[in-house]
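Structure at a glance
The chain contents come next:
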Amino acid sequence: MLILRYLLKGVILPPMLQLLLIGSAWLVRRRYPRLSRWLLCAGVGSLLLLSTPLVVMPLVNWNESIPPLDLKAAETADVIVVLSAGAYYDPLEFDRDQAGENTLIRLRYAAWLHRRLGTPILVTGGRFSEASNSLADIMAYTLKDHMNVPVQWVERKSRTTWENARFTQQLLAAEGGIDRRDAKPRILLVTHASHMRRSLLAFEQVGFEVLPAATQYRYRDQNIEFEDLGYLLLPSAKALQHARDVMHEGLGRLIYRLLYW
C-alpha cells in the first residue's frame, strides 16, 4: 500500500502529470489533432504556470497561513512533538545514519523551544526498510548528541503523518506522563509551515489539543518591488517544487477528511 501510495502521488503531482499530458498529445496527434493541441496546451501551460514564482507565491502563502507560535501560550503545553522529514542513510563521512536537511530544521526549532520552555520532547517516525534505523531514533540521537537536548519519548512505528498522530497518541496513553484529568493533552506540534495544516488535522482528530509550532516559512507576505519582477516572472525548478508541495498537502488534507468521514 505504501508503494502504491507513492506511485499514485508521483503520477498525480507535477511535473509527471504535465509530462503525461504532453506525451499523450504526441501519441494522439494524427488521429485526434484537436485533442492533441488541447493536451499540449494543458501540459505546457500548467507546467509554465506552476514554475513561475509570481503564480506560486500566493499559493504557498495560503498553504502556510497558520501563524508562528505564541511563546506565552506555549508555556501551557505538555509535550513538544517533532515530526520526522527524512534521513541521510549510509553516509560516507559519518559512522551512522544522520537526520536529513528538513528533519534538522524541525529539530533545531524543537531544541530552541525546549531550552526556553523546558517542555519534554517526543520524536516520531518509523523505519522504511529493515536495514535502516527508525527516523525517530535518528532524531533522538541528533538531539542528544548534537544539540545536547534530552528526548523523553520515541515513537518508532509511523510512516505517514496520519500514523504519526495515531501512534503518538497510543504511546503517550500507554506510557503516561501527562495528567490533565478530563482535558485533552496539549502538544506543541513542530513541523514545516507547509506541512502544518495537514498535520494539525491529523493530530486534532486523534484527540490532542494542538498548538502549531510551524517553522521554515518560505515566501511569506511581502511587498513586490519592480526589480523583483524579473525573478518572479522567470520559471524555476524551486517554484515548481513549492507548487508541488502545495498540491501534495492539499491532496493529503482531502484524503484525510474523506477517511475520517
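What this report covers is the structure whose coordinates are included nearby. (Residues numbered from 1 in each chain as written. Predicted model: local features only at pLDDT ≥ 70, side-chain atom pairs only at ≥ 80, totals over all residues. Heavy atoms only, no water.)

1. Some remarks on the overall build of the protein chain
Looking only at helices and strands, the protein chain features 11 helices and seven strands. Dimensions of the protein chain, computed from the C-alpha atoms along their principal axes, are close to 70 × 45 × 45 Å. Residues classed as buried in the protein chain amount to 44% of the 261 residues present. Within the protein chain, counting contacts between residues at least 6 apart in sequence, those at least 24 apart form 71% of the total. (Helix = DSSP H or I, 4+ residues; strand = E, 2+ residues; numbered from the N terminus. Buried < 20%, exposed > 50% of the residue type's maximum accessible area, 1.4 Å probe, protein only. Contact = heavy atoms within 4.5 Å.)

2. Overview of the sheet that holds strand S4 (residues 121–124)
Spatially, S5-S4-S1-S6-S7 is the arrangement adopted by the five strands of the open sheet, whose pairing is parallel. Two strands bound the open sheet, and with one partner strand each, they are strand S5 (153–155) and strand S7 (209–215). If you compare each strand with its neighbour and ignore which way they point, the axes differ by 20 degrees on average. Where strand S6 (residues 186–192) lies against S7, seven bridges are found, and the strand directions are parallel. When the bridges of S7 are listed, Leu 189 appears paired with Pro 212. (Pairing = 2+ DSSP bridges. Axes fitted to C-alpha atoms, helices over the stretch in contact; angles between N-to-C directions.)

3. Topic: unusual backbone geometry
Note: most peptide bonds trans; most residues except glycine with negative phi. Of note, the bond from Pro 14 into Pro 15 is cis; its omega dihedral lies within 30 degrees of zero at 5 degrees. Along the polypeptide, Pro 15 turns up in the loop between helix H1 (2–12) and helix H2 (16–27). One non-glycine residue with positive phi stands out, namely Asn 148, at about 55 degrees. Take Asn 148: it is sitting in the loop between helix H7 (135–146) and S5. On the accessibility criterion, Asn 148 (67% relative accessible area) is exposed. At Gln 216, a position not held by glycine, the phi torsion is positive, near 60 degrees. Following the sequence through the fold, Gln 216 ends up in the loop between S7 and helix H10 (229–233). Taking relative accessible area as the criterion, Gln 216 reaches 35% and is therefore assigned partly exposed.

Everything listed is a geometric property; what it means functionally is a separate question.
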